[in-house]
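# Observations on the model geometry
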Amino acid sequence: STARADVFADGDQVMLQIGPYVYHTSEETYHNSAPKLIGVEWESASRWELGASYFENTFYQPCVYIYGGKRWFLRSADQGFYIKLTGGPLYGYKDEYEDKVPLNNNGLGLAIIPAVGYQYKRANAQLVIVGTAAIMLTFGYDVWK
């Protein structure tokens with residue numbers, strides 16, 4: 001508990017996440033629908049977040065997304081629903097796919113990614129909106145609360 005007090009504040013949490021599936025709005029058959037996303041995310045008690053994830057993009061290129069953002073729980077009868085917005089550098093969209101990410105130069109671009117999700121105890125599921133091109137399904141688990 002001493003190490004926790006030195007690193008984390010009350011209410012902080014660390015989540016591991018996976019992204020097993022992406023639905024593409026385009027009917028192109030060569031698009032990757034299994035991104036193999038793996039990520040880690042720290043969230044403060046005030047719901048500000050820092051995170052990083054590794055995945056294969058739509059065109060099977062390895063990518064890294066490092067981001068900051070915030071999560072807002074919706075006020076409803078069921079308190080588990082939330083929206084989230086993250087943004088930061090995205091590396092990996094290269095060569096003929098550079099134009100798929102705004103402000104991309106030699107594979108380094110900028111991403112702003114919204115999501116909607118549901119938190120149940122320590123687990124969550126999200127639908128991540130990937131521009132106008134796709135919707136990704138992710139699952140997370142809070143390993144540190």
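To keep things clear, this report deals only with the structure shown in the data block. Source: prediction; values computed, not measured. (Residues numbered from 1 in each chain as written. Predicted model: local features only at pLDDT ≥ 70, side-chain atom pairs only at ≥ 80, totals over all residues. Heavy atoms only, no water.)

### Thoughts on the packing of aromatic side chains
Applying the stated criterion to the full structure yields five aromatic pairs. An angle of 10° between the planes, with centres 3.8 Å apart, marks the rings of Phe-59 and Tyr-97 as stacked. Of this pair, Phe-59 sits in the loop between strand E3 (48-56) and strand E4 (62-73) while Tyr-97 is found in the loop between strand E5 (81-91) and strand E6 (108-120), placing the two residues 38 residues apart along the sequence. Pair check on accessibility: Phe-59 and Tyr-97 agree, each one buried. Ring centres of Tyr-65 and Tyr-67 lie 4.8 Å apart, and the angle between their planes is 25°; this geometry places the pair in the stacked category. Members of the aromatic cluster, connected to one another through ring pairs, are Tyr-30, Phe-59 and Tyr-97. Above the plane of the ring of Tyr-82 lies Arg-71, whose end atom (NZ or CZ) is 4.6 Å from the centre. (Phe/Tyr/Trp six-rings, centres within 6.5 Å; stacked < 30°, edge-to-face > 60°. Helix = DSSP H or I, 4+ residues; strand = E, 2+ residues; numbered from the N terminus. Buried < 20%, exposed > 50% of the residue type's maximum accessible area, 1.4 Å probe, protein only. Lys NZ or Arg CZ within 6 Å of the ring centre and 35° of its normal.)

### Overview of the layout of surface pockets
Counted as a void, the largest pocket has a volume near 780 Å³. It is E6 that contributes the most residues to the lining of the largest pocket, six residues altogether. For the lining of the largest pocket, the per-class residue count stands at 24 nonpolar, 14 polar and four charged. (1 Å grid on protein atoms, 1.4 Å probe; cavity = no way out; pocket = protein on both sides within 12 Å on 5 of 7 lines; lining within 4 Å. Points joined across faces, edges and corners; volume = space filled by probe spheres on them. Nonpolar A, V, L, I, M, F, W, Y, C, P; charged D, E, K, R; others polar.)

### Let's talk about unusual backbone geometry
At Arg-47, a residue that is not glycine, the phi angle is positive and equals roughly 75°. Secondary-structure assignment places Arg-47 in the loop between strand E2 (37-43) and E3. Positioned with a positive phi, Asn-106 is a non-glycine residue whose angle comes to about 55°. Inspection of the secondary structure puts Asn-106 in the loop between E5 and E6.

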